[in-house]
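# What the coordinates show
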Amino acid sequence: MTQRQTAEDYMSAFTKLAVIGDVHGFWDAADTAFFNQSDYDGLLFTGDLPRLTGGLDVARALARLEKPAWLVPGNHDGCTALQLLAELKGWSRLCRLLSTGMEGRVRRLAAALGPVRLAGYECLPLGDDLGLLVGRPHAMGPDRFYFRDYTRRRYGIGDYAQSAARLKALVDSAPPRLIVLGHNGPAGLGETAADIWGCDFSTRFGDFGDPDLRAAIDHARDSGRQVLAVCAGHMHRRSKTGAERQPAVREDGSLYLNAASVSRQRHRGEHGHHVALTLQAEGAAAEDIWIDRDGQILSRTALA
């Protein structure tokens, strides 16, 4: 692989991937150097680059990566602080007004990322028999269809049924083995605050996974495809209730990973986190990895 080779140009078999959970501003030159020198075949990012909004500086830092890399935008990517507040509050008129500049903000984010592919509603080839299914961008929970106005303009999708239909259509043309990348995870994996995508901020909700992503995964299995792993974040592992969220589960032969260990840099930035995802013929395996500033592994913990 040549330096700066893009994901679209790299078509060999992928067997080892690094999954980086919600970044939230915690990325620096030491991270870039580690991954550039690592033995990973590629990198998957679950989004949320800035602490709150913006994130172009983080995107420019990621653009120095020399490995194939894909990023699905999160709910903090491509929006303004007021727009994010309006989406959270459900102020529909203000959401519509403030969404008008989102196309430009997302384009600038994609340009700043350089060779890192900003993806959404796509199934990208990772080899002859392996694909990367990237879910709905800017996902932030199932209680309503967030960023509806932008998503309708950009993708022609304005509700969960339409989103599920688009994802299922992508599955229909997908290779026999899949990795799924989303910002928020799929529904159906638990209803408590400690569950992998259970709600931790309101007693009104339980399972806070997305129904459209669940529909796509079920459709992939029903059509005979092997879903090796589902990688997402959004619901931070350290729950707002103080509970430690389950980081990984296995279901029906698939490994589900919540990589959002936030903040992913700890001990004054001396320690950095990612998940090592290894693909095998029979399935996927994953380890939590913590490294120091020199790229030395401090700990590795098998998941699920």
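Each remark here, short or long, concerns the structure printed above.
Residues numbered from 1 in each chain as written. Predicted model: local features only at pLDDT ≥ 70, side-chain atom pairs only at ≥ 80, totals over all residues. Heavy atoms only, no water.

## Quick notes on the overall build of the protein
From N to C terminus, the protein includes eight helices and 14 strands. A compact globule built from 304 residues would reach a C-alpha radius of gyration of about 19 Å, and the protein, at 18 Å, matches this within 12%. Here the C-alpha coordinates of the protein stretch approximately 50 × 45 × 40 Å along the principal axes. When the 304 residues of the protein are sorted by exposure, 59% land in the buried category. Summarising the internal contacts of the protein: among those between residues at least 6 apart in sequence, 72% fall at separations of at least 24. When the 36 positive and 37 negative side-chain charges of the protein are each reduced to one mean point, those points stand 7 Å apart. (Helix = DSSP H or I, 4+ residues; strand = E, 2+ residues; numbered from the N terminus. Rg over C-alpha atoms; globule rule 2.2 N^0.38 Å. Buried < 20%, exposed > 50% of the residue type's maximum accessible area, 1.4 Å probe, protein only. Contact = heavy atoms within 4.5 Å. Lys, Arg positive; Asp, Glu negative; His and termini not counted. Charge placed at Lys NZ, Arg CZ, Asp CG, Glu CD.)

## Re a nonpolar patch on the surface
Together, Leu-82, Leu-85 and Trp-91 make up an exposed nonpolar region whose accessible area comes to about 270 Å². Note that Leu-82 resides in helix α3 (residues 81-89). Leu-82 gets classed as partly exposed once you look at its relative accessible area, which sits at 44%. (Patch = residues over 30% accessible without salt bridge, like charges linked within 9 Å, V, L, I, M, F, W, Y side chains within 5 Å. Areas by Shrake-Rupley, 256 points an atom, 1.4 Å probe, with all protein chains shown as cover. Salt bridge = Lys/Arg side-chain N within 4 Å of Asp/Glu carboxyl O.)

## Considerations on the nonpolar core
Residues Trp-27, Phe-35, Phe-45, Leu-49, Leu-62 and Leu-113 are the most contacted members of the largest nonpolar core, which totals 60 residues. Ignoring anything within four residues of it in the chain, the contact list for Leu-49 reads Val-23, His-24, Gly-25, Gly-55, Val-58, Ala-59, Leu-62, Leu-71, Asp-77, Leu-109 and Leu-113. Formed by 27 residues, the second largest nonpolar core is a distinct cluster that contains Leu-17, Leu-124, Ala-259 and Leu-279. (Core = buried A, V, L, I, M, F, W, Y, C linked by side-chain atoms within 4.5 Å.)

## Thoughts on the pairing of strand β12 (residues 271-280)
Across the 10 residues of β12, seven count as buried, placing the element largely inside the fold. Two elements, strand β1 (residues 16-20) and β12, share four bridges in a ladder whose sense is antiparallel. Directly across from Val-19, in β12, lies its bridge partner Val-275. Here two bridges tie strand β11 (residues 265-266) to β12, and the two strands are oriented antiparallel to one another. (Pairing = 2+ DSSP bridges.)

## Digging into unusual backbone geometry
Glycine aside, residues mostly have negative phi angles, and peptide bonds mostly take the trans form. A cis amide bond, omega 0°, links Val-262 with the succeeding residue Ser-263. Its identity as a non-glycine residue notwithstanding, His-234 has a phi of 70°, on the positive side. Position of His-234 among the secondary structure elements: in the loop between β8 (226-233) and β9 (248-251). At His-267, a position not held by glycine, the phi torsion is positive, near 55°. Positionally, His-267 belongs in the loop between β11 and β12. Looking at His-267, the relative accessible area reads 57%, which means it is exposed.

## Thoughts on the pattern of salt bridges
Inspection of the entire model under this criterion finds 18 salt bridges. Note that Arg-293 is salt-bridged to Asp-28, the shortest N-O span being 2.4 Å. Here Arg-293, found in the loop between β13 (283-291) and β14 (297-303), pairs with Asp-28, found in the loop between β1 and α1 (29-37); they are 265 residues apart in sequence, far enough to count as distant. For Arg-293, a relative accessible area of 36% gives the class partly exposed. With a shortest N-O distance of 2.9 Å, Glu-287 and Arg-300 are connected by a salt bridge. Highlighted residues: Glu-287 in strand β13 and Arg-300 in strand β14, separated in sequence by 13 residues. Overall, Glu-287 belongs to the partly exposed group, its relative accessible area being 25%. One salt-bridge network, held together by shared partners, links Arg-214, Asp-218, Arg-221, Glu-251 and Asp-252.

## Thoughts on the environment of Val-134
For Val-134, the location among the structural elements is in strand β6 (residues 130-134). Linking Val-134 and Thr-192, residues 58 residues apart in sequence, is a C-alpha distance of 26 Å. Setting aside anything within four residues of it in sequence, one finds Val-134 in contact with Val-72, Ala-119, Gly-120, Tyr-121, Glu-122, Leu-124, Leu-167 and Leu-181.

## Section: the sheet that holds strand β7 (residues 177-184)
The six strands are arranged β5-β6-β7-β8-β10-β9 in an open sheet whose pairing can be described as mixed. Of all the strands in the sheet, the pair left with one neighbour each is β5 (122-125) and β9. This sheet shows a mean twist of 20° between the axes of neighbouring strands, independent of strand direction. Of the strand pairs in this sheet, β9 and strand β10 (residues 254-258) are connected by four bridges, and their pairing is antiparallel. Paired with Glu-251 across the bridge in β10 is Ser-254. (Axes fitted to C-alpha atoms, helices over the stretch in contact; angles between N-to-C directions.)

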